[in-house]
Each structure stands twice: as C-alpha cells, then as structure tokens.
Amino acid sequence: MVETKGLTQRFGQTVALDRLDLQMQPGVTGLVGANGAGKTTLLSAMLGLRTPTAGSLTVLGIDPQQAGHRLRAMIGFAPERNVLPDEMRAVDFVRHMAEVQGIPRSEARTRASDTLWLVGLGEERLRTLGTMSTGQRQRVKLAQAIASDPKLVLLDEPTDGLDPVQRSEMLNLISQISKSFSIDVVLSSHQLEEVERVCDNVVALDAGRLVACGLISELVGAGDGITLELVDLADPPGSVDAVESALAAAGLEVRREAAVLAVRGAEFAELCDHARDSVAAAGARIRRLEARRRTLEDLFDGSAADSR
Ligand code: ATP
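Bear in mind the structure is a predicted one, so any value in this text is a computation, not a measurement. (Residues numbered from 1 in each chain as written. Predicted model: local features only at pLDDT ≥ 70, side-chain atom pairs only at ≥ 80, totals over all residues. Heavy atoms only, no water.)

K.L.:
Even after reading the chapter, I still don't get the overall build of the protein chain, so can you show me in this structure?
P.N.:
Counting secondary structure elements, the protein chain contains 11 helices and 13 strands. In terms of principal-axis extent, the alpha carbons of the protein chain reach across some 75 × 45 × 35 Å. Taking all 308 residues of the protein chain together, the buried fraction comes to 48%. Long-range contacts, defined here as pairs at least 24 residues apart, represent 67% of the contacts in the protein chain between residues at least 6 apart. Element-wise, carbon and sulfur atoms account for 48% of the exposed surface of the protein chain, whose accessible area totals about 14,800 Å². (Helix = DSSP H or I, 4+ residues; strand = E, 2+ residues; numbered from the N terminus. Buried < 20%, exposed > 50% of the residue type's maximum accessible area, 1.4 Å probe, protein only. Contact = heavy atoms within 4.5 Å. Areas by Shrake-Rupley, 256 points an atom, 1.4 Å probe, with all protein chains shown as cover.)

Structure below.
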C-alpha cells in the first residue's frame, strides 16, 4: 500500500523524517509516536503535499510527486487541525467535500447523508458544524474522508480531544468501516494501547526515525520476560533493592516501578529460577510472578536503549 526508501524530510535544521525505509500493508495501520515524531509530515508526504528532501515514496503504487492529483482522488483525508467551517451544515459540508473529490452533485448528496448515518450522526446531519461537540466534529471529519469511497483513508489524530470512551468508540467505528468497505486506513495517534487493540499494522516513529514497522500480531504478544511483583516495598527493608540488584548482577535487564520488576534477557524458565533465588536470598515474598506480554511501549523503550 505504501513503500518508502530512504525517505527524508528536513525543515532547516530539523530532520522530521530520517531515512525511512518502510512498507505498509493493507488493513488498518497505526502511525504512532510522540509529539513531533514526524507523523503529520509522513501523511503530508503520502498526499504529495511536500517534496521530500531525499529518498522515494509510493502510495498505492503511485509516486505522489509524479501524479499527485490522480493519487489524491483515490485518498480520503482528515487533518488533525480543526478545519470545519462553523456556519455550514454537516450534510452540506460532507456533500461539498465529496464533490471536490469528483463525485457528481446528485450522488454526493445521497452519499453525504448515508455516511453521516454511518458514523452515527444521521439525526444531527442538518445541524451547523459550529454547534457540534468535539466528538461529533471528529465524526464529521471521518465522514467527509470516506464519502467519496476512497481506496485509502488517512486520519491524522482522529481521537484527539475525545474522552476514553469516545476514543474507543471512534477506533471501533474506523475499524468496522475499514473491514465492511475494504478501505485501507492509516491513522496517527500517540495512544499506544489503543493502536495495539484496533490496528492490524503499526509504523512507530521516534524523532523522525523508524522504531518498528509490521503486523501488530508479530510485534507484540506473549513470551518476553517476566513480571515479578513483591509483597511489600519494606518487607524486609531494602529487599526489593536487593532483588533488583541481584537480577541485574546476573546480567538481566530489569525495569522497576515500586515493588514491580519487569525482567528480560533469558528464557522464561531461567528467569523464574533467577527470580526465586534472588527473592529467597533477600528474604522477600512474591505477590505475583507471570510471563510478560511484549507491548508497543517496549518497542519504544528498546529503541531508546539502542540509541543511548
Ligand atoms: P504531533 O503529534 O504534535 O502532531 P507529529 O508526529 O505529527 O507531531 P510533525 O508535525 O510531523 O510531528 O513534526 C515533525 C517535526 O518537524 C517537528 O519537530 C516539527 O516541529 C517539524 N516541522 C513540521 N512541519 C514543519 C514546518 N512546516 N516547518 C518547520 N518545521 C516543521
């Protein structure tokens, strides 16, 4: 669906995209990274709105620099910023955007209405955009992006400004639309757990560099170390410190939060042996010992450790 080779985008001294080599597969792709990671810049490059400083990019097999108009007619886009005209009715706005994408006027009217029903705004379709809540406005942005029946939809932070329940509803809606209508979606977000839950693929960026790219089911999952939780921080005093030091001295990678230790660096059985021995030596007591799931957050932690 998308392929880049050495894609680089500079703004003066800032390297927004740093020699990216990636491939995005069909389905729903989460483009994740902290603020300033380069997500919006990559979406802009995919739309052909920026000329890369170096490297190459194809989207749906097309070079956006060579055939931007043709490509943009196949892509729906919802930008991050608030771009909705307050005085327009939702249905008029979505119809207008469908017409801009080349849909004939009479058909655009029907599609605007249908898509607003689809995103849960059927009853609200005649309201002006300025009277709508943030959640409703995000749904209007989604509706205008899919109204022209695109092959690919790019959604920049579609859950921005939403509360946890609304975020979850929005992501479920996007996932359901992608599957029902076979539309590929790239959505940017900095909510790693949510991307992990609803997306098929992930592209993770950190300060313009690629941290990970691929199927979420292959990048996260079981079998990456253990979680060792001790009963009490002060029972006996210093025991958690002692367990942490002993595990680190055995050459294991230990991350600690209060009395919970995440330990990696050996096979599961060996980690359990180390945990048992170090806990016994420190006189501590175990509350919980279990296999850890590898999460998207681990990919970022691993990348930070690599670059140190
Ligand atoms: P956010 O989550 O905050 O939207 P992002 O991951 O989308 O962040 P980008 O907006 O792509 O990040 O920005 C990447 C880097 O490039 C940032 O350091 C940003 O300041 C810089 N940048 C982006 N656009 C421009 C521009 N037009 N001129 C100068 N610098 C820019």
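After that view, the rundown keeps rolling.
K.L.:
Sorry, what's going on with the sheet that holds strand β2 (residues 14-24) here?
P.N.:
Note: strands within a sheet are paired through backbone hydrogen bonds, in either parallel or antiparallel orientation. Taken in spatial order, the three strands line up as β2-β1-β4 in an open sheet, and their pairing is antiparallel. In this open sheet, the two edge strands, each paired with only one partner strand, are β2 and β4 (54-59). If you compare each strand with its neighbour and ignore which way they point, the axes differ by 25 degrees on average. The sheet strands contacting helix α1 (residues 39-46) are β1 (2-11), β2 and β4, and the helix crosses β2 at an angle near 60 degrees. (Pairing = 2+ DSSP bridges. Axes fitted to C-alpha atoms, helices over the stretch in contact; angles between N-to-C directions.)

K.L.:
Is there a simple way to think about the site of the ligand in this case?
P.N.:
Around the ligand, a shell composed of 14 residues is seen, among which Gly36, Gly38, Lys39, Thr40 and Thr41 lie nearest. Within the contact set of the ligand, an oxygen atom lies 2.8 Å away from a backbone nitrogen or oxygen of Gly36. The contact in question runs from an oxygen atom of the ligand to an N or O atom on the side chain of Lys39, over 2.9 Å. Every element with two or more residues in the shell around the ligand is listed here: β2 and α1. By residue number, the principal contributor to the shell around the ligand is α1, which donates three residues. (Near = heavy atom within 4 Å. Polar contact = N/O pair within 3.5 Å; in protein donor to acceptor, adjacent residues only side chain to side chain.)

K.L.:
I keep staring at the pattern of salt bridges and nothing clicks. Help me out?
P.N.:
Working definition: two side chains of opposite charge can pair if their charged atoms are close together. Per the stated rule, a full pass over the model turns up 19 salt bridges. In this structure, the salt-bridge partner of Glu99 is Arg105, at a minimum N-O distance of 3.5 Å. Among the residues examined, Glu99 registers a relative accessible area of 24% and is labelled partly exposed. Two residues, Arg264 and Glu253, come together in a salt bridge whose shortest N-O distance is 2.8 Å. With Arg264 in strand β12 (residues 260-264) and Glu253 in strand β11 (residues 253-257), the pair connects residues that are 11 residues apart, well separated along the chain. Taking relative accessible area as the criterion, Glu253 reaches 39% and is therefore assigned partly exposed. A network of salt bridges, in which partner residues are shared, links Arg89, Asp92, Arg95, Glu99 and Arg105. (Salt bridge = Lys/Arg side-chain N within 4 Å of Asp/Glu carboxyl O.)

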